[in-house]
Amino acid sequence: MSLAHGRSYLAIPGPSVMPERVLAAMHRSAPNIYEGDLVDLTAQVVADLRRVAMSTGHVAIYITNGHGTWEASVANLVSRGDKVLSLQTGRFGHGWAAHAAAMGVTVEALDFGLKTPVDPGRVEAALRADKGHEIKCVFLTHVDTATSIRNDVAAVRAALDAAGHPALLAVDCIASLACDEFRFDDWGVDVMLAASQKGLMVPPGLGFLWVSEKALAQTRAADLRTPYWDWGPRLAPEFYYQHFCGTAPTHHLFGMAESLKMILDEEGLPQVWARHRALARAVATAFETWGQDGDIGLNVADPSCRAASVTAARIGAGGAERLRAWCENRAGVTLGIGLGMAAPGSAEAGDFLRVAHMGHVNAHMTLGVLAVMEAGMQALAIPHGAGGIQAAAAVIAAEA
Ligand SMILES: *Cc1c(COP(=O)(O)O)cnc(C)c1O
């Protein structure tokens, strides 16, 4: 029998669960795109995007997804033949670097594997070795969604400073913004990337770049810009349509205004971070308990390097894949697939999954996912330590 009928729950790391209020705000006819309310609403969205990133910098909005923001960042930051330093802790860092390489940029990569965060000492050494300052930009992924590693942005900034290197620091926060603490100004970030469909709780379709004054000044001669991706008119539009290089993403803007109000003016950013952290702790605690008597483990051993938005884990002997299928077909919960953790078709390919807890997610949803997973492990006879749900509930009881 299947018990999946009812409201299904997509616990994958994007698109995330969208609040009914965001969907309702989008459910209307299109406004005038030349003047009136939409112009004021866009100014409010831009102001709120600064607040959500704790940034006084400029904001460019693109009709695109996360991959598009990678391309936008490369197009505006560097020139053909320039060098970037890519810091990799999973699939997403590799993806950004691949876009840069395909655009004619030389990529120097530091790969920190799939289990541990960026080591700022190695970054500093690589920058010190670059005596001619050929590296124009350092690419860092705040939370790599494939591994659920969270990197220390401030520590990487400190490494650039310690090396006395003028490279810009660009950070991909697509999986972390409005989930994990992030401070654009305080942490000395030059460019930051995000997209609408993760912590920002809006359907996929918008990508954002935050840009510091220093980044603007240092990149005036960048020669990879094409009209659509050029951030110049978007950052300082003379006419409204230049915000978007064409028709505004009208309905996404209504959704963004609503979600930013919920995050900034109702719950409050520090509380949003704290909620995600508490839910992440509950998820980690369940996995740790299950792992006490089974071939089950979190991908990231050090709690201080775990994302607040997503948890990558391993269940051996193909257990992850079997459990994902059971949760979706029998209980209405879709878990995230393992990404980049094992070669497709290899013996380990079915051993990895991810549980997302990003955006519009609360205690009952997270405990629900965990309880369904535990039921699935029972049904599938996947060996696991007892008491995972009890342990997760204790975390929620202590935090709520
Ligand atoms: C989701 C994600 C991306 C890619 O976003 P798309 O919208 O799927 O193109 C890039 N980087 C990170 C860290 C992500 O989580």
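Throughout, a residue's number is its position along its own chain's written sequence, starting from 1. Since the coordinates come from a predicted model, pLDDT governs what is reported: local features require at least 70, and pairs of side-chain atoms require 80 or more to be given and counted, while whole-chain, interface and lining totals use all residues. Based on all heavy atoms of the structure, the side-chain values leave hydrogens and waters out of the count.

### Details of the pairing of strand β3 (residues 83-88)
Test applied: Using a 1.4 Å probe on the protein chains alone, a residue whose accessible area is under 20% of its type maximum counts as buried, one over 50% counts as exposed, and one in between counts as partly exposed. Strands here mean DSSP runs of E at least two residues long; helices mean DSSP runs of H or I at least four residues long; both are numbered from the N terminus. Should DSSP find at least two bridges between two strands, the strands are taken to pair. The crossover handedness rule: strands pointing away from the viewer, path from first strand over the helix to second strand clockwise, crossover right-handed.
Within β3, six of the six residues are buried, which leaves it mostly tucked inside the rest of the structure. Both faces of β3 are covered, namely the face carrying K83, L85 and L87 and the face carrying V84, S86 and Q88. One ladder, built from six bridges, connects β3 with strand β4 (residues 106-111); its direction is parallel. Bridge assignment links L85 to a residue of β4, and that residue is E108. For the crossover from β3 across helix α4 (residues 91-102) to β4, the handedness is right-handed. Judged from the five bridges that link them, β3 and strand β5 (residues 135-141) form a sheet pairing that is parallel. Across the sheet, the residue bridging to V84 is C137, located in β5.

### Observations regarding the nonpolar core
Heads up, the condition is: Side-chain atoms within 4.5 Å link the members of a nonpolar core, which is a set of buried Ala, Val, Leu, Ile, Met, Phe, Trp, Tyr and Cys residues. An automatic or database domain assignment supplies the residue ranges for each domain.
Among the nonpolar cores identified, the biggest contains 57 residues, and L49, V52, L87, L177, F182, M192 and W210 are the most heavily contacted of them. Ranked by the residues each element gives to this core, the list is headed by helix α9 (residues 250-267), at seven residues. Counting only domains with at least three residues in this core, you end up with domain 1 (9-16 + 268-399) and domain 2 (31-266).

### Focus on the packing of helix α12 (residues 363-379) against helix α13 (residues 388-399)
Going by this rule: Axis lines are fitted through C-alpha atoms, for helices just across the contact stretch, and the angle between N-to-C directions can take any value from 0 to 180 degrees. Oblique is the label for any angle not covered by the other classes, which are roughly parallel (under 35 degrees), roughly antiparallel (over 145) and roughly perpendicular (65 to 115). Contacts: residue pairs with any heavy atoms within 4.5 Å of one another. Only Asp, Glu, Lys and Arg are considered charged in this grouping, and only Ala, Val, Leu, Ile, Met, Phe, Trp, Tyr, Cys and Pro are considered nonpolar; every other residue, Gly among them, is considered polar.
At a minimum axis distance of 10 Å, the contact between α12 and α13 shows a crossing angle of 170 degrees. In this view, α12 runs roughly antiparallel relative to α13, as classed from their interaxial angle. Counted together, A363, L367, L370, A371 and E374 of α12 and G388, I389, A392, A393 and I396 of α13 form the full contact between these two elements. Each residue belonging to the contact of α12 with α13 can be placed in one class, and the counts come to eight nonpolar, one polar and one charged.

### Details of the packing of helix α5 (residues 120-129) against helix α6 (residues 153-163)
Rules: It is the rotation of the near helix from the far one that decides the hand of a crossing: anticlockwise by less than a right angle makes it left-handed, clockwise makes it right-handed.
Two elements in contact, α5 and α6, have axes whose closest approach is 8 Å; the angle formed by their N-to-C orientations is 30 degrees. The angle between the axes of α5 and α6 places the two elements in the roughly parallel class. Considering the relative orientation of α5 and α6, their crossing is right-handed. Counting all contacts with α5, which are made through P120, V123, E124, L127 and R128, the residues of α6 involved are A155, A159, L160, A162 and A163.

### Some points on the sheet that holds strand β13 (residues 333-337)
Read across the open sheet, the five strands follow the order β1-β13-β14-β12-β11; overall the sheet is mixed. The open sheet has two edge strands with one neighbour each: β1 (9-11) and β11 (296-298). Taken over all neighbouring pairs, the strand axes of this sheet differ in orientation by 35 degrees on average, direction set aside. The sheet contact formed by strand β12 (residues 310-315) and strand β14 (residues 352-356) spans five bridges and is antiparallel. Within β14, the residue paired with A313 across the bridge is L353. The strands touched by helix α10 (residues 269-290) within the sheet are β11, β12 and β14, with β11 carrying the most contacts at an inclination of about 145 degrees. Sheet strands in contact with α12 are β1, β11, β13 and β14, and its direction is about 85 degrees off that of β13.

### Examining the side chain of D351
This is how it is decided: In this tally, Lys and Arg are treated as positive and Asp and Glu as negative; His is ignored, and so are the chain termini. Here a salt bridge means any side-chain nitrogen of Lys or Arg lying within 4 Å of a carboxyl oxygen belonging to Asp or Glu. Pairs of N or O atoms within 3.5 Å make up the polar contacts considered here, provided that, within protein, one atom can donate a hydrogen while the other can accept it, and that residues adjacent in sequence are counted only when both atoms are side-chain atoms.
Within the secondary structure, D351 is located in the loop between β13 and β14. We note that D351 is buried and unpaired, the nearest opposite charge coming from R314 at a distance of 4.0 Å. A polar contact is formed between the side chain of D351 and the backbone nitrogen of A317, at a distance of 3.5 Å. Setting aside chain neighbours within four positions, we find D351 in contact with A313, R314, I315, G316, A317, G318, G319 and A320.

### Examining the environment of H142
Inspection of the secondary structure puts H142 in the loop between β5 and β6 (143-144). The spatial distance from the C-alpha of H142 to the C-alpha of V118 is 9.8 Å, given a sequence separation of 24 residues. Those residues in contact with H142 that sit more than four places away from it in its chain are I149, R150, N151, V153, V171, D172, C173, S176, D180, E181, F182 and W187.

### Brief notes about the UniProt feature "modified residue: N6-(pyridoxal phosphate)lysine" (unreviewed entry) in the chain
Spelled out, the test is: UniProt positions are given in the numbering used here, feature names are shortened, and annotations may be inferred rather than shown by experiment.
In this numbering, the UniProt entry assigns the feature "modified residue: N6-(pyridoxal phosphate)lysine" (unreviewed entry) to K198. Positionally, K198 belongs in the loop between β9 (191-195) and β10 (206-211). Each residue touching K198, except ones within four places of it in the same chain, is listed here: P13, G14, S16, T145, I174, A175, M358 and G359.

### Side note on the layout of surface pockets
We apply this condition: The distinction between a cavity and a pocket rests on a 1 Å grid over the protein atoms alone: a 1.4 Å probe fits inside a cavity but cannot get out, while a pocket stays open yet meets protein on both sides within 12 Å along at least five of seven lines, and a residue with an atom within 4 Å of a point counts as lining. Grid points are joined across faces, edges and corners, and a volume is the space filled by probe spheres set on the points.
A volume near 520 Å³ is recorded for the largest pocket. The wall of the largest pocket is formed by 21 residues, among which R7, S8, Y9, V17 and M365 lie closest to the centre. Among the elements of the structure, β1, α1 (20-26) and α12 are those that each provide at least two residues to the lining of the largest pocket. Broken down by element, the lining of the largest pocket gets its largest block of residues, five residues, from α12. Residues of the lining of the largest pocket, tallied by class, amount to 12 nonpolar, six polar and three charged.

### Describing the site of the ligand
Cut-off, in case you're wondering: Here a residue is near a molecule or strand as soon as one of its heavy atoms is found within 4 Å of it. More than half of a molecule's atoms within 2 Å of the grid points is what it takes for that molecule to sit in a cavity or pocket.
The immediate surroundings of the ligand are formed by 13 residues, with H67, T145, D172, Q197 and K198 found nearest. Measuring from an oxygen atom of the ligand, one finds a backbone N or O atom of G66 at 2.8 Å. Within the contact set of the ligand, an oxygen atom lies 2.5 Å away from a side-chain nitrogen or oxygen of H67. A majority-of-atoms criterion places the ligand in the second largest pocket. Among the elements that make up the shell around the ligand, the one with the highest residue count is helix α3 (residues 66-77) (three residues). Of the residues assigned to the shell around the ligand, the class counts are five nonpolar, six polar and two charged.

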